[in-house]
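Here's the letter readout for the chains.
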Amino acid sequence: MFIPHTDVERQEMLKIIGKKDLSELFNVIPEEFRFPDLDIPHALSEMEAQQQFSNLAGANNACDEMTCFLGAGAYNHYVPAAVDFLLHRGDFFTAYTPYQPEISQGTLQAIFEFQSLIANLTGMEIANASHYDGATAAAEACISAYHHFRGKRPKLVLSPNLNPQYLETIHTYFGMLDESKLVVPEDQMAFSDPNKLADLVDSETALVLVQYPDFLGNIYDLAAMTTKAHEQGALVAVSVNPIALGLLKPPADFGVDFVIGEGQPLGIPMSFGGPYLGFFATRKELVRKISGRIVGETVDGTGKRGYVLTLTAREQHIRRDKATSNICTNQGLMALAATIYMSLLGKSGMREVAELCYHKAHYAAQQIAGLKGYKLVTQQPFFNEFVIECPKNVSVINQHMLEHGLIGGFDLEKVNPKLKNQMLITVTEMNSREEIDLLLDLLEEALHD
Amino acid sequence: MTEPTVYELSSPGRVGIEYAHLDVPPSELPDAFLREELPLPELSELDVVRHFTHLSQLNYSIDGGFYPLGSCTMKYNPRINEVTARMPGFLKVHPLQPIETVQGSLVVMYLLQETLKEITGFSAVTLQPAAGAHGELVGSLIMRAYHRSRGDMKRTKVLVPDSAHGTNPATSSMAGFTPVNVPSDARGNVDIEKLRELCDDTLAGLMLTNPNTLGLFDEHVLEVIDIVHKAGGLVYGDGANLNALLGVTRPGDLGFDIMHINLHKTFSTPHGGGGPGSGPVAVAAHLADFLPDPIVGILEEATDELPPLYGFVHPPQSIGRIKSFHGHFGIIVRALTYIMMQGPEGLRAVAEHAVLNANYMMELLKQDYTLPYDRDCMHEFVLEGVWPDAEGVHALDVAKRLMDYGMHPPTNYFPLIVNEALMIEPTETESKQTLDIFVDAMKKIAKEAHEQPELLHEAPHNTPIGRLDEVKAAKDLVLCCWRPEE
Amino acid sequence: MNTPSNLKYAKTDEWVKLDGSIATVGVSDYAQDQLSDIVFIEFNRETDDKVTKGDALATIESVKAAGDVNSPVSGKVLEVNEGLSDIPETINDDPYEKGWLYKIEVSDPSEMDELMDSAAYDKYCEGRH
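Residues numbered from 1 in each chain as written. Chains lettered and ligands numbered in written order. Predicted model: local features only at pLDDT ≥ 70, side-chain atom pairs only at ≥ 80, totals over all residues. Heavy atoms only, no water.

**Student:** Is there a simple way to explain the interface of chain C and chain A in this structure?
**Tutor:** The accessible area lost on association of the parts is a frequent measure of interface size. If you look at the interface, chain C gives 13 residues, while chain A gives 9 residues. The largest share of the area that chain C buries against chain A comes from C:Glu61, C:Ala66 and C:Asp68, three residues that together contribute 43% of it. A salt bridge links C:Glu61 to A:Arg288; the nearest nitrogen and oxygen atoms lie 3.0 Å apart. Put simply, chain C and chain A have 3 residue pairs in polar contact (both at pLDDT 80 or more) between them. Only strand S4 (38-43), strand S6 (56-62) and strand S7 (66-70) of chain C provide two or more residues apiece to the side of chain C that touches chain A. For the side of chain C that touches chain A, the class distribution of residues is 5 nonpolar, 4 polar and 4 charged. (Contact = heavy atoms within 4.5 Å. Buried area = accessible area lost by both parts, 1.4 Å probe. Salt bridge = Lys/Arg side-chain N within 4 Å of Asp/Glu carboxyl O. Polar contact = N/O pair within 3.5 Å; in protein donor to acceptor, adjacent residues only side chain to side chain. Helix = DSSP H or I, 4+ residues; strand = E, 2+ residues; numbered from the N terminus. Nonpolar A, V, L, I, M, F, W, Y, C, P; charged D, E, K, R; others polar.)

Written out as structure tokens, the structure is:
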């Protein structure tokens, strides 16, 4: 499939290169390993492929049929129709990395706009062209901080209320740096409070990393923590939910150094976990310390404004073994989706979606708090995720709700055995009042099973 | 025409999309945490659609023309991939949903794991890495974990051929290894004698791209692998050039221990203007336990009444998680769609025609350009973009001039071991017609280089914008189109 | 290529001018030519810092490359040409005079013997690339 050569053309070409048949092209392959039989199914036609994949997709229970109150790092937000239609344009999705800027201004300007929107959303001065996802962006922030101090500050203080997958990813990345020391306090309750976490920052600390709102939904003021950390000479990084920033104070207001996060909520479908979008913003002084592509503005010979990849001397293809990171891709198409999303929603839309999420979540929380047997655990201000304590095991309750077409919140016991019977519920603008009321009914019903 | 930025198009009060009214009683907002300003643009839906449509029209793409970028495998991106990836059953699924509700997606991932194993000749596969470089990192971490599990702590050296992609030494350093250069011989193979000298008990492994970035299959690959294995090292295969080997040979059979695969190169998933990619890693049996966590497996075997239950399994000595969730599912679906439409015969035809196309072009161009390695190539080949009798003309000029002929230039200045390199990879989806047009343009440019070099120096002339001032970009560092202070 | 005869040169393209015990250090004409337009310089050492031969004193960045400036001598930093940060292209225009990077008080003058004179450096550069 997709090979245009006709028999006639093949013969002409073979003649030009002096070969009799195609197999002669592979004489350099050791004979005993040449032309293996691959035990995979024979080719399907396009029609058959579509049918088979349709059957597979049909075997899923997706969130278009089910009601979803699950978040914990990936979110069910509405993706406006215009986003996907624009992504369908072949000039966007079949284009390559913009190494030849003269014929890639579309991609370059879109990334430049992405950088600008993320910078302004987070309140920081600059942003890069993106990382693979929020977890790797967090890992890269830690790496940047570690190398900024040339390994002289081997300690990284990480909030226990970071998304557990981010913590795991950072552990994997830092497993390679023997001299580094990751400090993640065991006492999650006590160290939820960033001010307490700041007590662990000393002159050996390169970075302290927290999440805002945190994994359990809590919002904390980060100003005091940031001041304390800076007094010790350490850098501060914050992982954020970009939708929350439609309403909440941007982390830049607290004086932080790096803002990272998962951009999936910005017009990217959940798609069973990927591809997603990591974003990374920082202060101008630190721009050379961060990894990832960056697009800058310039002019051509006639003075016409244009865009190019810049600061490439930091990157792998030039610096090679001295590069700050090995990253080669950015999430081009996903960054484009987010740029279109943020442009479409704009100032008022981003605020509107944030408020819808906030109010719906708070309504749900208040109502659940009134249910017999259930307790609202979250004490801090929260955005659209909160924790409830259930009278039974979360998996049992979720099983009941699933039978009625509702996907319940995240079972926190899965990531922390101390959080027994605790569920993290997420509400977005996609959840109607009827759905929230259904959730309440099913939570109540689940007690009687 | 300069396309304004979204901020320049903005008009206060404009709205691009409206949402339903709040259907629950509002709660009090947290005053202490409310932001004062939200400096985002205000555009209508038409503004947005028009703006991004204009931007797309400034781009060159595979849909628009030939893209012979060496080692990038710019093959056609089938539309059916876009259909299957967007099926709502796949798209609207949360990664943490109960596994009973996502069996369809798990089967897709399992099938791709199994198929990639069969195609590459390895025992186990992870689909978690987000891109090739990410896969390389996984490979390096597995190498490290393997040696350490055997108490072998002093293996810190990784050998990297001088023709290697920049990610290879960058990844090695990142993983805590010391990359050491291995030179190539005059035929473009790894220099066997120099390799032997470098193989000692501090050797963690060799990172080998085969065919290499010169487009050449190493004539001593079995010996190279054997030397490394005898010294106790592992052989990591950079799978960027796998397109030449589909159905032709399997790296696992040749003796490679680990390999990363680029779904966005070999398996037709779109490049997206720089991503997303997907970089699955395949390993030999002795390394399967170290794969990232989680991979997809069968939790319960099929019975007479029920199909198997698919779920996530945790490799017992896993290097850990390397990103959130389980991998780029949207890219995985596309790659599986492609493979299922190729079948074993189709995959072999892909390699055969990719290699045929490259050799054909090489034969036609070697009279006009210096060909540093004159032997049968695989799916790509390298020319020198410089002539001793065309003073002042460099590969960059040839590249820029090609744009005037409506084509994307080949990869420039890589690999580093060829002077003024032009790395050309046609791929199998390009017809003889297209190749002939490209060859014709290259021949014309070679002539121009000697007779009218100014045409090259001032190129491109026919593109939306001319050569850009990269020095100014790096010095002025304007990285944002609008700041609230403005 | 300009290679003043009163200076000594390192294999990694730094030059040294020794006046008594004070060494002035910079990068050679060959280096600035290879790098092409320099856009940024990052100084890694301050006045009074101790340096050992081989330490990365600075990183010089151009559009196409970034290179470390390795100290050709050991000693103590007396002065840093911080002003270059604003006009890094000075290194391209005048690598030997205005483009000086560091003044170091040498602790071991014998290290100068390990460096090349201008003729040897010229020959060395010819054989490269």
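Back to the write-up after that little detour.
**Student:** When you look at the nonpolar core in this model, what are you seeing that I'm missing?
**Tutor:** Soluble globular proteins tend to pack their nonpolar side chains together in the buried interior. In terms of nonpolar packing, the biggest core is built from 124 residues, with B:Phe267, B:Tyr369, B:Phe381 and B:Met442 touching the most fellow members. The element best represented in this core is helix H11 (residues 329-365) of chain B, accounting for 21 residues. Not counting residues up to four positions away in its chain, the partners in contact with B:Phe381 are B:Leu214, B:Ala358, B:Met361, B:Met362, B:Leu365, B:Leu371, B:Leu422, B:Met423 and B:Ile424. Counting 102 residues, the second-largest nonpolar core is a separate cluster that includes A:Leu197, A:Val201, A:Ala244 and B:Cys481. (Core = buried A, V, L, I, M, F, W, Y, C linked by side-chain atoms within 4.5 Å. Buried < 20%, exposed > 50% of the residue type's maximum accessible area, 1.4 Å probe, protein only.)

**Student:** Please clarify how the domain arrangement of chain A should be interpreted in this entry.
**Tutor:** Residue and element names in this part refer to chain A. According to the domain assignment, chain A consists of domain 1 (63-78 + 347-448) and domain 2 (81-342). On a C-alpha basis, the centres of domain 1 and domain 2 stand 28 Å from each other. Listed per partner, the contact involves 31 residues of domain 1 and 27 residues of domain 2. Summing both partners gives a buried area of about 2,200 Å² for domain 1 against domain 2, and 65% of it is carried by carbon and sulfur. Counting the surface domain 1 buries against domain 2, the share from its top three residues, Met350, Gln380 and Phe383, is 28%. The interface formed by domain 1 and domain 2 holds 4 residue pairs in polar contact (both at pLDDT 80 or more) in total. At the level of secondary structure, the elements contributing two or more residues to the side of domain 1 that touches domain 2 comprise helix H12 (332-369) and strand S12 (385-389). Ranked by residues supplied to the side of domain 1 that touches domain 2, first place goes to H12 with 7 residues. (Domains from an automatic or database assignment.)

**Student:** Before we go on, may I ask you to explain the pairing of strand S2 (residues 157-161) of chain B in this structure?
**Tutor:** The two faces of the sheet receive side chains in turn, since in a regular strand these alternate between them. Residue and element names in this part refer to chain B. Counting buried residues along S2, 5 of its 5 residues qualify, which places the element largely inside the surrounding structure. What you see with S2 is no split at all: Lys157, Leu159 and Pro161 on one side and Val158 and Val160 on the other are buried throughout. As paired strands, S2 and strand S3 (residues 178-182) are joined by 5 bridges and run parallel to one another. Counted as the bridge partner of leucine 159 is valine 180 from S3. Handedness of the crossover joining S2 and S3 through helix H7 (residues 167-174): right-handed. Here S2 pairs with strand S4 (residues 203-209) via 3 bridges, running parallel. What sits directly across from leucine 159, in S4, is leucine 206. (Pairing = 2+ DSSP bridges. Right-handed = clockwise from strand over helix to strand, strands pointing away.)

**Student:** Explain the interface of chain B and chain A to me, please; I cannot follow it from the model alone.
**Tutor:** Each partner contributes residues to the interface: chain B has 207 residues there, and chain A has 188 residues. For the pair chain B and chain A, the two sides together bury roughly 16,800 Å², of which 65% comes from carbon and sulfur. Contact with chain A buries area across many residues of chain B, yet B:Tyr19, B:Phe33 and B:Arg35 alone supply 5% of it, more than any other trio. Across the pair A:Asp178 and B:Arg144 runs a salt bridge, and its minimum N-O distance is 2.9 Å. Applying the counting rule to chain B against chain A returns 81 residue pairs in polar contact (both at pLDDT 80 or more). Sorting elements by how many residues they give to the side of chain B that touches chain A places H11(B) first, with 28 residues. Looking at the side of chain B that touches chain A, its residues break down into 112 nonpolar, 54 polar and 41 charged.

**Student:** In this structure, what is going on with the pairing of strand S3 (residues 22-27) of chain C? I would like to understand it.
**Tutor:** Residues and elements named next belong to chain C. Counting buried residues in S3 gives 5 out of 6 residues, a clear majority hidden from the surface. The antiparallel pairing of strand S2 (residues 14-19) with S3 creates a hairpin that spans 2 residues between the two strands, and glycine 20 there sits at a positive phi of about 70 degrees. Of the pairings in the sheet, the one linking S3 to strand S9 (residues 102-106) comprises 4 bridges and is antiparallel in character. Across the sheet, isoleucine 22 pairs through a bridge with glutamate 105, a residue of S9.

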